[in-house]
Amino acid sequence: MSQIKSVAGQDLRDMFSAATSWLEKSSADIDALNVFPVPDGDTGTNMMLTMRSTMEEAYRAPDHSAAGIAHAMARGALMGARGNSGVILSQIWRGLAQGLEEKETFTAADLAAAFQQSAQIAYKGVSNPVEGTMLTVMKDAAKAAQSEVDADNEDIIAVLEATVNAAAESVANTPMLLKVLKDAGVVDAGGQGVYTILEGALRFLRGETELMRLRKPQIIVSELPHSASMPQSAVVDEVPYGYCTEFLLKGEELEPEVIKKRLLKKGESLIVVGDDTAVRIHIHTLTPGNILQLAAKLGTMHQVSIRNMDEQHQDFLEMQKERMPTTDTAVIAVAAGDGLADVFGSLGAAAVVPGGQTMNPSTKDILQVVESTLSDKVIILPNNKNIIAAANQVQSLTQKKIAVVPTKTIPQGVVALLSFDYEAEFNTNAEIMEKALPSVKTIEITRSVRATKINGLKIKRKQPIGLLDGELIAVGDTNLDVLNQLLSRLDLEKAEVVTLYFGEDAEAEETEQINDGIMEKYPHLQVELIRGGQPHYSYIISIE
Amino acid sequence: MAVKIVTDTLSDITSDLAEELGITVVPLYVRFGETIYKDRVEITSEEFYRKLVSEANLPSTTQPTPNDFLQVYEALAKETDEILVIVVSGKLSGTYQSATQAKELMKGKCRIEVVDSLSVAMGMGLIVVSVVNAVKGGENLDEAADLARGAIARSHLVAYFDTLKYLAKGGRIGKASGLLGSLLSVKPILTIRDGEMAPLTRVRSLSAGLDYIYNYVAGFSNIEGMAVEHATTPDDADQLVERLGKIYPKERIYRSVISPVVGTYSGPNALAITILEGKKK
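Residues numbered from 1 in each chain as written. Chains lettered and ligands numbered in written order. Predicted model: local features only at pLDDT ≥ 70, side-chain atom pairs only at ≥ 80, totals over all residues.

(A) Quick peek at the overall build of chain B. If you tally the helices and strands in chain B, you get ten helices and 13 strands. Burial status across chain B gives 52% buried among its 281 residues. For chain B, contacts bridging at least 24 residues in sequence account for 73% of all contacts bridging at least 6. (Helix = DSSP H or I, 4+ residues; strand = E, 2+ residues; numbered from the N terminus. Buried ≥ 20, exposed ≤ 12 C-beta atoms within 10 Å, placed from the backbone. Contact = placed C-beta atoms within 7 Å.)

Printed below as a string of structure tokens:
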């Protein structure tokens, strides 16, 4: 493949111009990645508009050196920056311009150094930098560029390839760093935007313009498990959002750092960037008037935009509705323990009602979660025989269509959720899910709360006891002993998958022992060990 | 002159079947590192899957060039003046564009119609087979294209995947993205809807997957054609054919292998079953 060792100003302009068109194709997809409650509803569009302004200025630049073009880009970006992401993007170009200062053309090493500068400046512009956003993506990308250069690679395409690959990985990793992303099961929109721009520039340098015309950028998918949005945090709480306020302040001897300090306490998501003649300000505040008054004393305001974020939030919810999978049915599950809640979330439950054996949720608790889901049709998995009745009451209290699949144990709930048919209708689905229940056997191991006699067993207080499909049929001195009694009652030859959910009080050593014991005794079984985090029950075991 | 039919290798129509049907199959490309192979021509499925699991980097795939189609069109134009081109879903590949661009390059030398099958693998293959059989009755190009479009809604693909890793990394996950991220190991069952991958359900083992597929097929009362394909597990596919023999004559079930380009996204151990429903009477 041909190598490129240096790039001139016009090529710099053309490559990011191509990158802008590339981003433009993806902007709607990037918009769709936005996560409530980060209420900047349109990251893709904002970045695209910022890039347009960036490149328009680049085409007006009288100086065609790399430095001249980069400076024009930085200026265009600052003037046209929109939204949080646009402002950070403008910082990236400002860093690039600083890095390419006085360069007629630039080499791979120059580019890597300039990217480093971009990352640094971008972090500086934000009052409270958050990892797992476009800041992280730019930082990781710049780092990869630098190490490629440090490995003596002079080919700009190769260095940019390393940069783009690192950006992609960094984007895929954003849900790991930022919980809101993980909960929503998406990658960071701004990060995706940065990646797309860099990728567009790379494709242009590789000469893939024809392909760029026909294709469109791919949204990076994260393979991370995403947990169910717990209703308390996501929908039930009404967080006051206030107004997203942004404008460009022009004046003389402006001091961005001083302005930033003065605005710091006035709201959230504050960004103040610029130089002594032009400063761009972005803030989420309940009192936009105060911000504007303050700014009016410093200079003239331009491109003032104040948007009500509660309205944006409503729009966002509407959009989420449209983005739901092919089905309009939500499934909610009752489970105790963060591990179990994550399991249900990762399998597509819309929400998890906290509760279980010792803490039965009320009808009202379940109703609240039902109302909080975006679907009009909700299937409830009570996962406990003492909760089924409360779940059955929900229908009489809501306009939504409700079906209760009478799951008595966590493993039954999991099997029901797994068998969910994405193309089936609501009632059919409830039937399919109920039909799946006999395909699983449940073992639960806990400790007796009092001395008693039951099913011919004499049980002492705090002694390990075992239940098979809800019926107490084993008692012993150790958990292992109880488990073995229960396993001997089952025909494991026909079973295929055993899932062991260990509870919050399960001992790691014992868990290993149990796991190894099953694998040794029944080598044909696929055994999975999952942290359930459930209280009181050391082990819940599913046998399919 | 009879209408000539062209498709691409993602139809999973084997070279034997292509010869029998008298159709032309244009290969896509699959690339491992610096080496580019013509799908099914320069790399066999066996070789491909061996490399897929052993190479550090995943392969990438590319549509045929317009020139690839142009050459086919020019060759066929010597024998016919009507060509029907049935290609893989435009949401999964840019093959449709290449086929259409080549049509423009022909500048009307021959009547050409390009149909997006909105499907892939034998989901598209059985559409092609159905059209070829119909065209023997002397249909003209417009009628043949209508037949192809009509067959799209009758083609039902159901696939068992061992993992969604390849589909997700290849950017073809479509509506099945909701199945990603499970904390338990699950095997997705997918279909194709409106030209993109979509979820049907999930199972936890191969045998549960095979049960699901059997029941899915058993839900059809009017079956015109059936195909069973494997990636790396021919025995599983053969057993499924035996079992499906209770529903449909097993000697009429087309057996094929998931082509390298499709395999790039399905990964090893995948199985795909297609039902072509009969026309409603």
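(B) Geometry of the overall build of chain A. For chain A, the count of helices and strands is 21 helices and 18 strands. Expressed as a percentage of the 544 residues in chain A, the buried residues total 51%. Summarising the internal contacts of chain A: among those between residues at least 6 apart in sequence, 69% fall at separations of at least 24.

(C) Looking closely at helix H13 (residues 288–296) of chain A. Residue and element names in this part refer to chain A. Looking only at H13, the buried set comprises Pro288, Ile291 and Ala295. Along the axis of H13, the buried positions cluster into a sector of 60°, meaning they face one direction only. Every exposed residue of H13 that faces more than 90 degrees away from the buried side is listed here: Gly289, Gln293 and Ala296. (Arc of directions from axis to C-beta.)

(D) Region of interest: the sheet that holds strand E3 (residues 243–250) of chain A. Residue and element names in this part refer to chain A. Spatially, E4-E5-E3-E6 is the arrangement adopted by the four strands of the open sheet, whose pairing is antiparallel. Two strands close off the open sheet at either side, each with one partner strand: strand E4 (268–274) and strand E6 (300–308). Each strand of the sheet is rotated relative to its neighbour by a mean of 10°, with strand direction disregarded. Two elements, E3 and strand E5 (residues 278–285), share eight bridges in a ladder whose sense is antiparallel. Pairing of Thr245 across the sheet is with Ile283, part of E5. Sheet strands touched by helix H12 (residues 256–263): E4 and E5. Its angle to E4, the strand with the most contacts, is close to 165°. Packing against the sheet, H13 makes contact with E3, E5 and E6, and its axis sits at approximately 5° to E3. (Pairing = 2+ DSSP bridges. Axes fitted to C-alpha atoms, helices over the stretch in contact; angles between N-to-C directions.)

(E) Region of the structure containing the interface of chain B and chain A. In this complex, chain B contributes 24 residues to the contact, which on the side of chain A involves 28 residues. If you tally residues by element for the side of chain B that touches chain A, the top one is strand E10 (residues 196–203) of chain B, at five residues. Class assignment for the residues of the side of chain B that touches chain A results in nine nonpolar, eleven polar and four charged. (Nonpolar A, V, L, I, M, F, W, Y, C, P; charged D, E, K, R; others polar.)

(F) How the structure looks around the confidence of the model for chain A. In this model, chain A carries an average pLDDT of 86, and 91% of its residues clear a pLDDT of 70 or more. In this model, residues 319–326 of chain A is a region of pLDDT below 50 whose contacts with residues beyond four sequence positions or in other chains number twelve contacts. (pLDDT = per-residue confidence, 0-100.)

(G) Just the environment of Gly76 of chain A, in detail. Along the chain, the position of Gly76 of chain A falls in helix H3 (residues 66–80). In contact with Gly76 of chain A, other than residues within four places in its own chain, are Ser53, Thr54, Met55, Glu56, Glu57 and Ala58 of chain A.

(H) Looking closely at the nonpolar core. Counting 250 residues, the largest nonpolar core has Ile332 and Leu417 of chain A together with Leu84, Ile86 and Val131 of chain B as its most contacted members. Setting aside residues up to four positions removed in sequence, Ile86 of chain B forms contacts with Ile5, Thr7, Val115, Ser117, Met124, Ile127, Val128, Val131 and Ala148 of chain B. (Core = buried A, V, L, I, M, F, W, Y, C linked by C-beta atoms within 7 Å.)

(I) Expanded view of the confidence of the model for chain B. For chain B, per-residue confidence averages 92 on the pLDDT scale, and residues scoring 70 or more make up 99% of the total. Here the predicted complex carries an ipTM of 0.87, next to a pTM of 0.64.

(J) Examining the packing of helix H5 (residues 108–125) of chain A against helix H6 (residues 134–150) of chain A more closely. Residue and element names in this part refer to chain A. At their nearest, the axes of H5 and H6 sit 8 Å apart, and the two run at 155° to each other. With respect to each other, H5 and H6 are oriented roughly antiparallel. As for the relative orientation of H5 and H6, their crossing is left-handed in sense. Between H5 and H6, the contacting residues are Ala108, Ala109, Leu111, Ala112, Phe115, Gln116, Ser118, Ala119, Ala122 and Tyr123 on the first element and Leu135, Met138, Lys139, Ala141, Ala142, Ala145, Gln146 and Val149 on the second. The class makeup of the residues in the contact of H5 with H6 is 14 nonpolar, three polar and one charged. (Parallel < 35°, antiparallel > 145°, perpendicular 65-115°, else oblique. Left-handed = near helix turned anticlockwise from the far one by under 90°.)

(K) Geometry of the sheet that holds strand E18 (residues 539–543) of chain A. Residues and elements named next belong to chain A. Strand order in the open sheet made by the six strands is E15-E14-E11-E18-E16-E17, with mixed pairing throughout. In this open sheet, the two edge strands, each paired with only one partner strand, are strand E15 (471–475) and strand E17 (526–531). Geometrically, the sheet is characterised by an average inter-axis angle of 20° between neighbouring strands, direction not taken into account. Of the strands in this sheet, strand E16 (497–502) and E17 are in contact with helix H21 (residues 508–521), which crosses E17 at around 165°.

(L) Geometry of the environment of Thr174 of chain A. Residue and element names in this part refer to chain A. Summarising the element assignment, Thr174 is placed in helix H7 (residues 156–177). By C-beta crowding, Thr174 is classed as buried, having 26 other C-beta atoms within 10 Å. Sequence-wise, Thr174 and Ala189 are 15 residues apart; in three dimensions their C-alpha atoms are separated by 9.7 Å. Residues within four places of Thr174 in sequence aside, it is in contact with Gly132, Thr136, Leu181, Val187, Asp188 and Gly191.

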